[in-house]
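# Tertiary structure, described
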Amino acid sequence: MSYDTILVLDFGGQYAHLIARRIREKGVYSEIVPHDITPEEIKSFNVKGIILSGGPACVINESSPKLNPKILEMNIPILGICYGHQLIAHMFGGKIGPGKEYGATYVVIDKPVDILSGLSKREKVWMSHSDSVLSIPEEFEVLAHSKNCPIAAFKHKNKPIYGVQWHPEVIHTIKGGLIFTNFISICNCQANWKMENLIERMIEDVRNEIGNGKAIIALSGGIDSSVAAAIASRAIGDRLTAVLVDHGFMREGEIESIKNAFKNMNLIVVDAKGRFFEKLKGVFDPELKRKIIGEEFVRVFEEVSKEIGAEFLIQGTIYPDRIESGFRRHSDKIKSHHNVAGIPSRVKFKKIVEPLKDLYKDEVRKIALMLGLPREIVHRQPFPGPGLAVRVIGEVTEEKIDIIRKADRIVREEIERTKLKDKLWQYFAVLTNVKSTGVKGDVRAYGYVIAIRAVESAEAMTANFARIPYKILERISTRITNEIPEVVRVVYDITHKPPATIEWE
Ligand code: XMP
């Protein structure tokens, strides 16, 4: 790789990948590598800087992830973030102890120099830590502190080594971008990397992985699988067949609209409704549901592949699907995304190819625009692979899917009549497994409670519930209770992510 590169060493933090993409947004190539990378391996990149990510462990524990100490002597600029900040302090003999801060916090910038150059005296930042750096040796200088964190940022006096306790990579840290710009200039990096380079590389990679073979792409009509399909089709042409599985949990009109959008591709639509409902009978646990759906998807794909002689499965898996499924050693599992942790351990494919596996949704959107995909696909709200099945809490039945499909249509229609649709990341209905008493036409009614969820987000790793005007919520609620006889009550979900996730299951 000829581009100047900043490596992000991954210590398992939920936001580690965001660091790499923030750097890439600034035109500098950045890649995530495991934290136990060796100095020799580092030399195989054109490395101009190293960032140590956050992570859930406690640096002073024996079993916590370590950094090869020789990396600190390579004279490459290093920035430690959160866990990385504490790790540097610990490795140089500083003291780490309990000290918690979560969420938006104010820090006092004591010295606005180097990485903190251009920051004001008081800055709003995003913290998420249970330990703090309590003291640091003479050769370091403290650059910032907060109420509960005496050493919130530091620099080494003679080496380009820095640490910040907060997360400059999340959008809640107002001047996070400036910290990265400062670090990039400390690293002396050329900003000559572009998204187009990535597209070329992905096409090349798919071509190399598949060789002369045939592949199927798991198409859901969402932006991720559509972009993966476009990339794969540029890589292997008509040796690619798209497979759309109708599991019975699609939104109203969805199968037809996907068929229409992909009419110029080899496309097979499999009606698998019966087998999915059958498999989910009596299943209440959300993780089990996701795993069953993930496995059934793969079984359908295997059957189609056998028929057409394809050995490879291509999926539009993106980075957040993997991180939340807990694919890394030191990160925590949040939920099993159907296309990651839902994949059974034995599959009949030579390989599963995932060209978008390191990207975030909004990066995928940018690529979609560059590839010229239709607007309706680029701006479609994300829809999970397991579909409405994870929006019915508890056991999935045809009756419940029918109810939630109607409610989903109403929510979409009402939001899409307004300008809100361009601001919202996702808006949908959830069928709770709570029943409640109501009164319809002067008669007692006992029926379901539907929850409405609408969130704003930049990349789905964090999200805020949307402050939808009451007038719109009222219209949604009135229509749902009028048009769906089984529903007596509608509630609005006012929880951010974290602590909630976007989907309820
Ligand atoms: P959560 O609920 O984890 O969702 O906050 C983050 C984003 O991912 C979507 N999502 C999924 N997408 N397969 C998918 O393809 C899944 O199993 C899955 N689960 C959640 C969710 O809609 C949101 O955009």
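Throughout what follows, the structure given in this document is the object of discussion. The numbers attached to residues start from 1 for each chain and follow its sequence in the written order. Given that the model is predicted, a residue must reach a pLDDT of at least 70 before its local features are reported, and side-chain atom pairs must reach 80 or more before they are shown or counted; all residues, however, enter totals for whole chains, interfaces and linings. Excluded from the side-chain calculation are hydrogens and water; included are all heavy atoms of the structure.

It is worth spelling out the pairing of strand 7 (residues 140–146) at this point. Here three bridges tie strand 5 (residues 95–109) to strand 7, and the two strands are oriented antiparallel to one another. Within strand 7, the residue paired with Val108 across the bridge is His145. Should DSSP find at least two bridges between two strands, the strands are regarded as paired. A helix here means a DSSP run of H or I that spans at least four residues, while a strand means a run of E at least two residues long, and both kinds are numbered starting from the N terminus. Of the strand pairs in this sheet, strand 7 and strand 8 (residues 149–156) are connected by five bridges, and their pairing is antiparallel. The residue of strand 8 that forms the bridge with Val142 is Phe154.

Turning to the sheet that holds strand 12 (residues 267–271), a few remarks are in order. Ordered by their spatial adjacency, five strands build an open sheet running 12-11-10-13-14, and the pairing between neighbours is parallel. Looking at strand neighbours, the two that pair on one side only are strand 12 and strand 14 (351–353), the edges of this open sheet. Each neighbouring strand pair of the sheet contributes to a mean axis angle of 30 degrees, computed without reference to strand direction. Two strands pair when backbone bridges link them, and strand 11 (residues 240–246) and strand 12 are joined in this way by five bridges, in the parallel orientation. The residue bridging Ala242 from the neighbouring strand is Leu267, located in strand 12. Contacts: residue pairs with any heavy atoms within 4.5 Å of one another. Lines fitted to C-alpha atoms define the axes here, with helix axes fitted over just the stretch in contact, and angles between the N-to-C directions of these axes take values from 0 to 180 degrees. Sheet strands in contact with helix 5 (residues 195–210) are strand 10 (215–219), strand 13 (312–314) and strand 14, and its direction is about 170 degrees off that of strand 14.

Looking now at the environment of Lys281. For Lys281, the position within the fold is in the loop between helix 8 (273–280) and helix 9 (286–308). Each residue is assigned to one of three classes by its accessible area relative to the maximum for its type, calculated with a 1.4 Å probe on protein chains only: buried under 20%, partly exposed between the two thresholds, exposed over 50%. Under the relative-accessibility criterion, Lys281 is labelled exposed at 56%. The spacing of Lys281 and Val396 is 115 residues in sequence and 7.0 Å in space, taken between C-alpha atoms.

The interhelical angle for the contact between helix 6 (residues 223–236) and helix 11 (residues 361–371), taken along N-to-C directions, is 45 degrees, at an axis separation of 10 Å. It follows that helix 6 is oblique to helix 11 by the angle criterion. The two elements helix 6 and helix 11 cross, and the hand of that crossing is left-handed. Across from Ile223, Asp224, Val227, Ala230, Ile231 and Arg234 in helix 6, the residues of helix 11 making contact are Lys361, Val364, Arg365, Ile367, Ala368 and Leu371. Of the residues that constitute the contact of helix 6 with helix 11, the class distribution is eight nonpolar, no polar and four charged. Here the word oblique covers every angle except those under 35 degrees (roughly parallel), over 145 (roughly antiparallel) and from 65 to 115 (roughly perpendicular). When the near helix sits turned anticlockwise from the far one by under a right angle, the crossing is termed left-handed; a clockwise turn instead gives a right-handed crossing. Ten residues, namely Ala, Val, Leu, Ile, Met, Phe, Trp, Tyr, Cys and Pro, are considered nonpolar, four, namely Asp, Glu, Lys and Arg, are considered charged, and the remaining ones, Gly among them, are considered polar.

Next up on the list: the environment of Pro498. Residue position: Pro498 is located in the segment after strand 18 (487–492). Since its relative accessible area comes to 43%, Pro498 is described here as partly exposed. Once residues within four sequence positions are removed from consideration, Pro498 is found in contact with Tyr15 and Thr462.

So, on to the packing of aromatic side chains. Each pair of aromatic rings taken from Phe, Tyr and Trp, with Trp reduced to its six-membered ring, is defined by centres within 6.5 Å and is described as stacked if the planes are under 30 degrees apart, edge-to-face if over 60, and tilted in the remaining cases. The final tally for this structure, using the stated rule, is ten aromatic pairs. Aromatic pair Phe11 and Tyr83: ring centres 5.4 Å apart, planes at 35 degrees, arrangement tilted. Taken together, the residues span a long stretch of sequence, with Phe11 in the loop between strand 1 (5–10) and helix 1 (16–25) and Tyr83 in helix 3 (residues 83–91) at a distance of 72 residues. Here the aromatic rings of Phe276 and Phe297 are separated by 5.7 Å at their centres, their planes lie at 70 degrees, and the arrangement is edge-to-face.

The buried fraction of helix 3 is high, at seven of nine residues. Along helix 3, the residues classified as buried are Tyr83, Gly84, His85, Gln86, Leu87, Ile88 and Ala89. Directly beyond the C-terminal end of helix 3, a positive phi value near 95 degrees is found at Gly93.

Where charged atoms of side chains with opposite charge meet at close range, the side chains can pair. A pairing counts as a salt bridge when a side-chain nitrogen of Lys or Arg comes within 4 Å of a carboxyl oxygen of Asp or Glu. On inspection of all chains with the given rule, the structure shows 37 salt bridges. When the shortest N-O distance is used, the salt bridge between Glu456 and Lys423 registers 3.5 Å. Residue Glu456 is found in strand 16 (residues 443–456), and its partner Lys423 is found in the loop between helix 13 (398–416) and strand 15 (426–440); the two are separated by 33 residues along the sequence. The salt bridge partner of Asp493 is Arg453, with a shortest N-O separation of 3.3 Å. You can see Asp493 sitting in the segment after strand 18 and its partner Arg453 sitting in strand 16, a full 40 residues away along the chain.

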